[in-house]
Amino acid sequence: MLEEIEQGYPTKRHPATEATHAGEIAERRGSYPVAQPIYQTTVYGFKSLEDLEKVNEHPADGWFYYRYESPNSAAFDHAMAALEGAEAATTAGSGMGAIFAALSGALKAGDHIIADEKIYGGTFSLLVDQLPKFGIETTFVDVTDELAVRAARRPTSRILYFETITNPLLHVTDLEGLARLARDLELLSFVDATFSTPVICRPVEWGIDIVMHATTKYIGGHSDALGGIVAGRQELVAAAKLAGKLMGLTQSPFDAWLNVRSLKTLPVRMAAHSKNAQILAEWLEKQPAVRRVLYPGLASHPQHALARKYMPDGQFGGMLSFELDGGRPAVSKFIRSLHDIPLVPSLADVTTTISYPTSTSHRMLSPSQRLAVGVTDDLLRLSVGIEQVEDLIEDIEQALHELHR
């Protein structure tokens, strides 16, 4: 059809026919778009059976169907693989979709996962409530304890799962050490690197097999694009891609387009997030109403030395957590007193937001489970944006003062 339009044929069609072909234009070969177009189509046409078979046998030669891959998701795949220094990458419709696709591609019924006890609550729920329905079990351990990891290994163990920086306690993982331990135990190492992004830390360089991100967070960065990514070894990514295709975990062309757009500013944004978070963390440590501040860039952080090893540019991300004296009543009053920092169940926007893990990321855990991993009723998680940091300090300061009124 595009060739026909380019040649000026047909000249006259019935209105019903004309309407069905509305918007089709020929490619102008004398120029090209500087920004990537949005390919908002669910399916692609072929001129012959031979062309169809060629693309079926060699998907890189063309496009087939929205659920399989789109030009926008492929562009995002290639960009993320390059940023991670990985052999390949594949998109998913969300961060949890990426995790599910990666695990589904690598596991079968009867397999076993060893996971860090401090992982994100949504992932915890996936491993505890959903995967057992498919015959996959998980043992949770403190992955900093090598003996505990070794003791948890079974003949059916396949994956060691953890995060670069845990949500919401900001624990920094020894990537090199755990990659080595996983290989020694003949396990695959899977890491969720949402908090760090490939701008700050590239786990593949430390021997990690698979890296996952909720691209909805820092990579998208504007709370307007849903998505996830799986990057790493070619064969594992291919398995995750197939699982995602069959289960319909597709990322839309528009979300993929938005994520590619946002990648162009990711290094600049992460530098600003990190700078503001460092200043805020140091300031919060000096406030009498704040019992404890958790931020990898602080010398007081338990894994500060590891953070400096894996984040050598001195950027430690935009996430910090802190505990207030006074329990939930103090937390509630503090949140109500903030003027410019909204309470949201997500993170990593260019604007600063605050979250209460007890009611958001770890709501699905029981009170005893939350306490066991250190998520207390006093804990707040701050996603530091790129605003002028003095304005953020002023807002938090006045909210802290309200606690004494």
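See the structure shown above.
Starting afresh in each chain, residues are numbered from 1 along the sequence in its written order. Two thresholds apply to this predicted model, a pLDDT of at least 70 for residue-level local features and 80 or more for giving and counting side-chain atom pairs, whereas whole-chain, interface and lining totals are computed over all residues. Where side-chain values are given, they derive from all heavy atoms of the structure, hydrogens and water being excluded.

J.: Can you walk me through the sheet that holds strand β10 (residues 353-355) in this structure?
T.: The pairing criterion is simple: DSSP has to find at least two bridges between the two strands. A helix here means a DSSP run of H or I that spans at least four residues, while a strand means a run of E at least two residues long, and both kinds are numbered starting from the N terminus. Ordered in space as β8-β9-β11-β10, the 4 strands form an open sheet in which the pairing is antiparallel. In this open sheet, the two edge strands, each paired with only one partner strand, are β8 (290-294) and β10. The mean inter-strand angle of the sheet, taken between neighbouring strand axes irrespective of direction, is 25 degrees. Bridge count between strand β9 (residues 319-324) and strand β11 (residues 379-383): 5 bridges; the pairing is antiparallel. Within β11, the residue paired with S321 across the bridge is R381. Running at roughly 125 degrees to β9, helix α14 (residues 327-337) makes contact with β9, β10 and β11 of the sheet. Axis definition: a line fit to C-alpha positions, over the contact stretch in the case of helices; interaxial angles, taken between N-to-C directions, run 0 to 180 degrees. For this analysis, residues touch if any pair of their heavy atoms sits within 4.5 Å.

J.: I keep staring at a negative patch on the surface and nothing clicks. Help me out?
T.: Candidate patch residues must exceed 30% relative accessible area and have no salt bridge, after which like charges are joined if within 9 Å and Val, Leu, Ile, Met, Phe, Trp or Tyr side chains if within 5 Å. With residues, only the protein chains shown are counted as cover, and all accessible areas are computed by Shrake-Rupley using a 1.4 Å probe. The salt bridge criterion pairs a side-chain nitrogen of Lys or Arg with a carboxyl oxygen of Asp or Glu, the two atoms within 4 Å. Charged residues are defined narrowly, with Lys and Arg counted positive, Asp and Glu counted negative, and His plus the chain ends left uncounted. Lysine's charge is taken at NZ, arginine's at CZ, aspartate's at CG and glutamate's at CD. A contiguous patch of negative charge on the surface is contributed by D340, E390, D391, E394 and E397. Checked against the element boundaries, E397 lands in helix α16 (residues 389-402). Looking at E397, the relative accessible area reads 32%, which means it is partly exposed. Throughout, exposure labels follow a simple rule: accessible area from a 1.4 Å probe, protein chains only, divided by the maximum for the residue type, with under 20% read as buried, over 50% as exposed, and the rest as partly exposed.

J.: Any chance you could explain the side chain of T216 here in plain terms?
T.: Checked against the element boundaries, T216 lands in the loop between β6 (210-214) and β7 (228-232). Within 3.5 Å is the distance limit for a polar contact, defined as a pair of N or O atoms, with the added protein rule that one can donate a hydrogen and the other accept it, and that residues adjacent in sequence qualify only through two side-chain atoms. Among the polar contacts listed, one links the side chain of T216 to the backbone nitrogen of G227, at a separation of 2.9 Å. Aside from chain neighbours lying at most four places away, what touches T216 is G221, A225, L226 and G227.

J.: I'm lost on the sheet that holds strand β3 (residues 137-141) in this one. Help?
T.: As a general point, the strands of a sheet are linked pairwise by backbone hydrogen bonds and lie either parallel or antiparallel. Ordered in space as β1-β7-β6-β5-β4-β2-β3, the 7 strands form an open sheet in which the pairing is mixed. Two strands bound the open sheet, and with one partner strand each, they are β1 (88-92) and β3. Averaged over all adjacent pairs, the angle separating strand axes in this sheet is 20 degrees, with direction ignored. When β1 meets β7, the two strands line up antiparallel, connected through 5 bridges. By the bridge assignment for β7, T91 is matched with I229. Lying on the sheet, helix α4 (residues 71-84) is in contact with β1, β6 and β7; it crosses β1 at an angle near 130 degrees. Docked against the sheet, helix α8 (residues 175-184) engages β4 (157-163) and β5 (188-192), running at close to 175 degrees with respect to β4.

J.: Looking at this structure, how should I read the packing of aromatic side chains?
T.: Aromatic rings considered in pairs are described by the distance between their centres and by the relative angle of their planes. Two aromatic rings from Phe, Tyr or Trp, using only the six-membered ring of Trp, form a pair when their centres are within 6.5 Å; if the ring planes differ by under 30 degrees the pair is stacked, by over 60 it is edge-to-face, and anything between is tilted. In the structure shown here, the tally under the stated rule is 9 aromatic pairs. With a centroid separation of 6.1 Å and an interplanar angle of 50 degrees, the aromatic rings of F46 and F64 are classed as tilted. Highlighted residues: F46 in the loop between α2 (15-20) and α3 (49-57) and F64 in the loop between α3 and α4, separated in sequence by 18 residues. Judged by centre distance (6.3 Å) and plane angle (45 degrees), the ring pair of F100 and F134 falls under tilted.

J.: Sorry if this is basic, but what is going on with the pattern of salt bridges here?
T.: Pairing of side chains with opposite charge becomes possible as their charged atoms draw close. Per the counting criterion, the structure on display carries 18 salt bridges. R261 is the partner of D224 in a salt bridge, and the nearest nitrogen-oxygen pair spans 3.7 Å. Placement of the pair is D224 in the loop between β6 and β7 and R261 in helix α11 (residues 253-263), with a sequence separation of 37 residues. When its relative accessible area of 39% is taken as the criterion, D224 is described as partly exposed. Between E323 and R291 there is a salt bridge, with its nearest N and O atoms 3.4 Å apart. Of this pair, E323 sits in strand β9 while R291 sits in strand β8, and the two are 32 residues apart along the sequence. Under the relative-accessibility criterion, E323 is labelled buried at 6%.

J.: What is the right way to look at unusual backbone geometry in this model?
T.: Residues apart from glycine generally show negative phi values, whereas peptide bonds are mostly found in trans. Note the cis peptide between N167 and P168, where omega equals 10 degrees. Inspection of the secondary structure assignment puts P168 in the loop between β4 and α8. With a phi close to 55 degrees, L170 is a non-glycine residue in the positive phi region. Relative to the helices and strands, L170 resides in the loop between β4 and α8. In this structure L170 comes out as buried when scored by relative accessible area, which is 1%.

J.: Mind showing me how you'd approach the side chain of H301 here?
T.: Of note, H301 is situated in the loop between β8 and α13 (304-310). We classify H301 as buried; its relative accessible area is 6%. Within the local environment of H301, its side chain forms a polar contact with the backbone oxygen of L170, the two atoms lying 2.6 Å apart. Filtering out sequence-adjacent residues up to four positions away, H301 remains in contact with L170, H171, V172, L294, Y295 and P296.

J.: How do you make sense of the environment of R233 when you look at a structure like this?
T.: With respect to the element layout, R233 can be found in the loop between β7 and α10 (234-247). Measuring from C-alpha to C-alpha, the distance between R233 and D209 comes to 5.9 Å, with 24 residues separating the pair along the chain. R233 has contacts with E87, L188, D209 and I210, leaving out every residue within four places of it along the chain.

J.: It is not clear to me how the environment of A214 should be interpreted in this structure. Could you clarify?
T.: Mapped onto the elements of the fold, A214 is located in strand β6. Classification of A214 as buried rests on a relative accessible area of 14%. For the pair A214 and A98, spaced 116 residues apart in sequence, the C-alpha separation works out to 7.5 Å. Not counting residues up to four positions away in its chain, the partners in contact with A214 are G95, T194, G227 and G228.

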